[in-house]
Amino acid sequence: MTGVTGYRRPYFETQPAYLYPGYRSTVKRSPSRPLVLLPHTLSEVTGPVFGYDDVKPTDGDLTRQHEGEPIGERIVVSGRVLDENSRPVAHALIEIWQANAAGRYRHAVDDHDAPLDPNFTGAGRVLTDAEGRYRFVTIKPGAYPWRNHYNAWRPAHLHFSLFGVGLVQRLVTQMYFPGDPLLQYDPMVNSIPDQKARARLVSAFDWETTIPDIALAFRFDVVLRGRDATPMETARS
Amino acid sequence: MSLLTTASQTVGPYVRIGFEPSVIENLAPAGVSGERVTLSGCVTDGDGKPVNDSIVEIWQANAQGKYAHPEDAQDKPVDARFRGFGRSLTAADGSYRFATIKPGRVPGPGGTLQAPHIVVTIFMRGLLKHLITRVYFPDDPANAEDPVLKLVPADRRATLIARHSPGDKSALEWNVRVQGQDETVFFDY
């Protein structure tokens, strides 16, 4: 067995630092000692493998997980998962979670004075297809206050968790909505130094994937790390 | 064409909604071969307070030192019942727990062999991007020659090595200190 091909390190200023005092919780939850540069070994270029047995067909439609229909604006959220070399990431597990249309999470610590929806849990999971495509149907989440600073409101967002091929491709991020006036004030968005990298977290209104008379649609492509060097294609003999 | 990696964002305080349906604390159901161990401990913040809303994920090879992954080309047996992935959500006291098997040794850079280890990924509110670290096994002579452990300053290596619980050799304890005194070594991945 020969050596493994590692993954590229993140490009300058495209990822947040651990400490960002504007987001208060980072102050006691960020490492203070230097990180140790980790070579990418077999342990890092491998990672958990998921299959269609790990997701149920209903897991991708958050509007069909209860007896009744959730309240709110139905939306389709779809896109592709690619790596930095523009290759589709097939069979990537995507998990999402979100607030309901009123901006309330079904969680014990959420005490925001907004109603819970008995027909909405706010969790979904899908696997990308061979071209890296995925699709969820859900409800547009509401904005909510979070007490980070005076009158702090989170812009509407979906949480995304992704597993790629290798463990170092693992990513958790948030998808935002175009035109949201709260984006410019959000410390989480602003923790990303590069303005273009922030903009890439904002989904695009996507007329083509709307369901006529049923649901509007947003497109959100996710890019996971790519290999350091494109592996040589070996000739088949 | 070259794209740029999507920026990381925190899992926030409500991650349990998304991950609770897929908690895997027992990685080694009956029939999986290998030395059975439990791995547990607490996650604490810079004030030493338990972190009750973090996610601890682990990834490891099987007892033979083979990953359940197509890129592991070693001529070693896979164990169909062992996928090597676990996910635990910390409780009110900051504790996580796994039941698993001790992994075998896997190759490292430049023809080296790594000591048995488990890769650990940690998420929590207040972490804008996840942490990656490793747990090694106590009293394993291979630790002395592990190519990754060698990169860690000697006075901090102990933070990556689990301890035996008193009276039970198969129970391993390993705590994660995100910040401060005896801060766990985290890797730039």
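Residues numbered from 1 in each chain as written. Chains lettered and ligands numbered in written order. Predicted model: local features only at pLDDT ≥ 70, side-chain atom pairs only at ≥ 80, totals over all residues.

Some details on the overall build of chain A
Condition: Each helix is a run of DSSP H or I of at least 4 residues and each strand a run of E of at least 2, with the numbering of both proceeding from the N terminus. For a compact globule the rule gives 2.2 Å times the number of residues to the power 0.38, and the radius of gyration it is set against comes from C-alpha atoms. Residues with at least 20 neighbouring C-beta atoms inside 10 Å of their own are called buried, those with 12 or fewer are called exposed, and the rest are partly exposed, where every C-beta is derived from the backbone. Two residues qualify as a contact pair if the distance between their C-beta atoms, derived from the backbone, is within 7 Å.
Of the regular secondary structure elements, chain A holds three helices and twelve strands. By the compact-globule yardstick of 18 Å for 237 residues, chain A fits well, its C-alpha radius of gyration being 19 Å. Seen through its principal axes, chain A has C-alpha atoms that stretch 60 × 45 × 30 Å. Across the 237 residues of chain A, 45% fall into the buried class. For chain A, contacts bridging at least 24 residues in sequence account for 72% of all contacts bridging at least 6.

Re the overall build of chain B
Helix and strand counts for chain B stand at one helix and ten strands. In summary, chain B has a C-alpha radius of gyration of 17 Å against a globular reference of 16 Å for 189 residues, a match within 12%. Based on the C-alpha atoms only, the size of chain B along its principal axes is roughly 55 × 45 × 35 Å. Counting all 189 residues of chain B, 49% fall into the buried class. Of the contacts made within chain B by residues no fewer than 6 positions apart, 70% connect residues no fewer than 24 positions apart.

Describing unusual backbone geometry
Even without a glycine there, the phi angle at N151 of chain A is positive, about 55°. If you trace the backbone, N151 of chain A turns up in the loop between β6 (144-145) and β7 (153-154). In the Ramachandran plot, D139 of chain B falls in the positive-phi region, its phi being about 60° despite a non-glycine side chain. Positionally, D139 of chain B belongs in the loop between β6 (131-136) and β7 (163-165). Residue classification places D139 of chain B among the exposed positions, given that 9 C-beta atoms sit within 10 Å.

Thoughts on the sheet that holds β6 of chain B
Note: strands within a sheet are paired through backbone hydrogen bonds, in either parallel or antiparallel orientation. Residues and elements named next belong to chain B. Put simply, the rule is: Strand pairing is assigned whenever DSSP detects at least two bridges linking the two strands. A fitted line through C-alpha atoms serves as each axis, taken over the contacting stretch for helices, and the angle formed by two N-to-C directions is quoted from 0 to 180°.
Across the sheet, four strands lie side by side as β3-β2-β5-β6; this open sheet has antiparallel pairing. On the outer flanks of this sheet lie β3 (85-89) and β6, each paired with one strand and no other. Across the sheet, the axes of successive neighbouring strands diverge by a mean angle of 25°, strand direction being ignored. Where strand β5 (residues 117-124) lies against β6, six bridges are found, and the strand directions are antiparallel.

Observations regarding the sheet that holds strand β4 (residues 123-127) of chain A
All names here are of chain A. Within the open sheet, the four strands sit side by side as β4-β3-β8-β9. Their pairing is antiparallel. Edge positions in the sheet fall to β4 and β9 (171-176), since each of these pairs with one other strand and no more. The sheet shows a mean angle of 20° between the axes of neighbouring strands, direction not considered. Where strand β3 (residues 93-97) meets β4, five bridges bridge the pair, whose relative direction is antiparallel. Bridge pairing in β4 places E95 opposite R125.

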